[in-house]
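# Descriptive structure summary
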Amino acid sequence: MNTNRQAQTAIITGGARGLGLGIAKRLADEGTDVILWDVNFQGFDAATAGLQPLLQQQVDVSNWESVGRAFQEAVEVAGGQIQILVNNAGINGPIAPTAEYPLDQWQRVIDIDLTGVFHCCRAAIPHMTHKGYGRIVNVASIAGKEGNPNSAAYAAAKGGVIAFTKSIAKEIAQSGVLVNCVAPTMAETDLLQQMTPEFISGIKAKIPMGRFLKIEEVAAMVAWIAGPDCSFTTGFTFDLTGGRATY
Ligand SMILES: NC(=O)c1ccc[n+]([C@@H]2O[C@H](COP(=O)([O-])OP(=O)(O)OC[C@H]3O[C@@H](n4cnc5c(N)ncnc54)[C@H](O)[C@@H]3O)[C@@H](O)[C@H]2O)c1
């Protein structure tokens, strides 16, 4: 078992931009080797991003074969061990009333945001439990705790991620592998392009601190949860809502 942060490797899904890239940079700054997974690396340049990833892999988390193949390659390149998995890849899907929600878009949101997390955990858990150490951090959303009108597919998927996190955390609680999630409110990333201005201002109005979440704030919390100092908390949903969800 190696719990020295400097000698660890982390996979961050959806790592090419937004929260995932911020989390990757924070982990790298702390000395962790980072492996970026994303379905779309367009516009991503590691040097410009200020990052030297150990590996960049084009992975579609909604596709089990893609995830399984990439995980094997990642283990080999990492020299045999992956200690950290951050399941961050996600989409919002359209903003629409449930009665009009396009059937294919509902399925796409569930496939990426919920089944994608399952696929990555399914690949990583046997490896981590065999090694006797691991930290999995799933990026859920406040939508998964409170629901968001006109974004029901996203809220349902993120609520699923929270319940899935609790389930697997209990399944493997004695293995040395801890599984937690974070429930952020809105941060200004490309994800907001999928939302309407009314939807965005409605969310902002619910944040007692009166501002959006900063990418660095998510990254700092995830870095702690993904580290050895987080040692007696598993199955938990860490809040990142500026005082909105005080439960
Ligand atoms: N930004 C917010 O306000 C906010 C709030 C709460 C939760 N979140 C969650 O944080 C995570 C990151 O979101 P973000 O705001 O950085 O969005 P973003 O759109 O900037 O980044 C998401 C990344 O996921 C990647 N991705 C999408 N589908 C994928 C797939 N099938 N396989 C692999 N990669 C895929 C995208 O290419 C992109 O790089 C998401 O899970 C999102 O739901 C974001």
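Here the structure is a predicted model, which is why all the values come from computation and not from measurement.

Conventions adopted
- Residues numbered from 1 in each chain as written.
- Predicted model: local features only at pLDDT ≥ 70, side-chain atom pairs only at ≥ 80, totals over all residues.
- Heavy atoms only, no water.
- Helix = DSSP H or I, 4+ residues; strand = E, 2+ residues; numbered from the N terminus.
- Rg over C-alpha atoms; globule rule 2.2 N^0.38 Å.
- Buried < 20%, exposed > 50% of the residue type's maximum accessible area, 1.4 Å probe, protein only.
- Contact = heavy atoms within 4.5 Å.
- Areas by Shrake-Rupley, 256 points an atom, 1.4 Å probe, with all protein chains shown as cover.
- Lys, Arg positive; Asp, Glu negative; His and termini not counted.
- Charge placed at Lys NZ, Arg CZ, Asp CG, Glu CD.
- Phe/Tyr/Trp six-rings, centres within 6.5 Å; stacked < 30°, edge-to-face > 60°.
- Lys NZ or Arg CZ within 6 Å of the ring centre and 35° of its normal.
- Expected span 1.5 Å × (residues − 1).
- Pairing = 2+ DSSP bridges.
- Right-handed = clockwise from strand over helix to strand, strands pointing away.
- Salt bridge = Lys/Arg side-chain N within 4 Å of Asp/Glu carboxyl O.
- Axes fitted to C-alpha atoms, helices over the stretch in contact; angles between N-to-C directions.

### Looking at the overall build of the protein
- Tallying secondary structure elements over the protein gives 8 helices and 7 strands in all.
- Taking 247 residues into account, the globule formula puts the C-alpha radius of gyration at 18 Å, and the protein, at 17 Å, falls close to it.
- When the 247 residues of the protein are sorted by exposure, 53% land in the buried category.
- Contacts in the protein between residues far apart in sequence, at least 24 positions, make up 69% of those at least 6 positions apart.
- For the protein, the exposed area adds up to about 11000 Å²; of that, 52% sits on carbon and sulfur atoms.
- In the protein, which carries 18 positive and 22 negative side-chain charges, the distance between the mean positions of the two groups comes to 6 Å.

### Some details on the packing of aromatic side chains
- All chains considered together, the criterion is met by 4 aromatic pairs.
- Taking the centre distance of 6.2 Å and the plane angle of 80° together, the rings of F118 and F164 count as edge-to-face. Linking F118 in helix α4 (residues 103-131) with F164 in helix α6 (residues 152-171), this pair joins segments that are 46 residues apart in sequence.
- Relative accessible area serves as the criterion here: at 39%, F118 is assigned to the partly exposed category.
- According to the relative accessible area criterion, F164 is buried, its value standing at 18%.
- Linked through ring pairs, W224, F236 and F238 together constitute an aromatic cluster.
- Across from the ring centre of W64, 4.6 Å away, lies the NZ or CZ of R122, which sits over that ring.
- Here the guanidinium or amino end of K145 rests over the ring plane of Y247, the centre of that ring lying 4.3 Å away.

### Details of helix α1 (residues 18-29)
- The end-to-end C-alpha separation of α1 is 17 Å, in line with the 16 Å expected for 12 residues at 1.5 Å each.
- The set of residues buried in α1 consists of L19, G20, L21, G22, I23, A24 and L27.
- The inward-facing, buried residues of α1 abut β1 (9-13), β2 (33-38), α2 (46-49), β4 (84-87), β5 (134-139) and α8 (215-225).
- Downstream of α1 by a residue or two, G31 has a phi angle that is positive, lying close to 100°.

### As for the pairing of β1
- The buried count for β1 comes to 5 of 5 residues, which makes it a mostly enclosed element.
- Neither face of β1 is open: one carries T9, I11 and T13, the other A10 and I12, and all of them are buried.
- Both β1 and β2 contribute to a ladder of 5 bridges, which runs parallel. Its bridge partner being in β2, I12 is matched across the sheet by L36.
- On the question of chirality, the crossover connecting β1 to the parallel β2 by way of α1 is right-handed.
- Relative to β4, β1 is paired through 3 bridges, and the arrangement is parallel. Bridging from a neighbouring strand, A10 pairs with I84 of β4.

### A short note on the pattern of salt bridges
- Per the stated rule, a full pass over the model turns up 5 salt bridges.
- For R17, the salt bridge goes to D38, with nearest N and O atoms at 3.8 Å. Taken together, the residues span a long stretch of sequence, with R17 in the loop between β1 and α1 and D38 in strand β2 at a distance of 21 residues.
- Exposure remark for D38: the relative accessible area of 8% places this residue in the buried category.
- One salt bridge connects R26 with E30, and the closest N-O pair in it is separated by 2.7 Å.
- For R26, a relative accessible area of 34% translates into the label partly exposed.
- With a relative accessible area of 24%, E30 lands in the partly exposed category.

### Focus: the sheet that holds β2
- Read from one edge to the other, the open sheet built from 7 strands follows the order β3-β2-β1-β4-β5-β6-β7, with strand pairing classed as parallel. Taken across any chain shown, the strands that pair with only one partner, and hence form the sheet edges, are β3 (55-58) and β7 (237-240). Across the sheet, the mean angle separating the axes of adjacent strands is 20° when strand polarity is ignored.
- Taken strand by strand, α1 contacts β1, β2, β4 and β5, and its axis lies near 170° from that of β1.
- Against the sheet, α8 touches β4, β5, β6 (177-184) and β7, its axis set at about 160° to β7.

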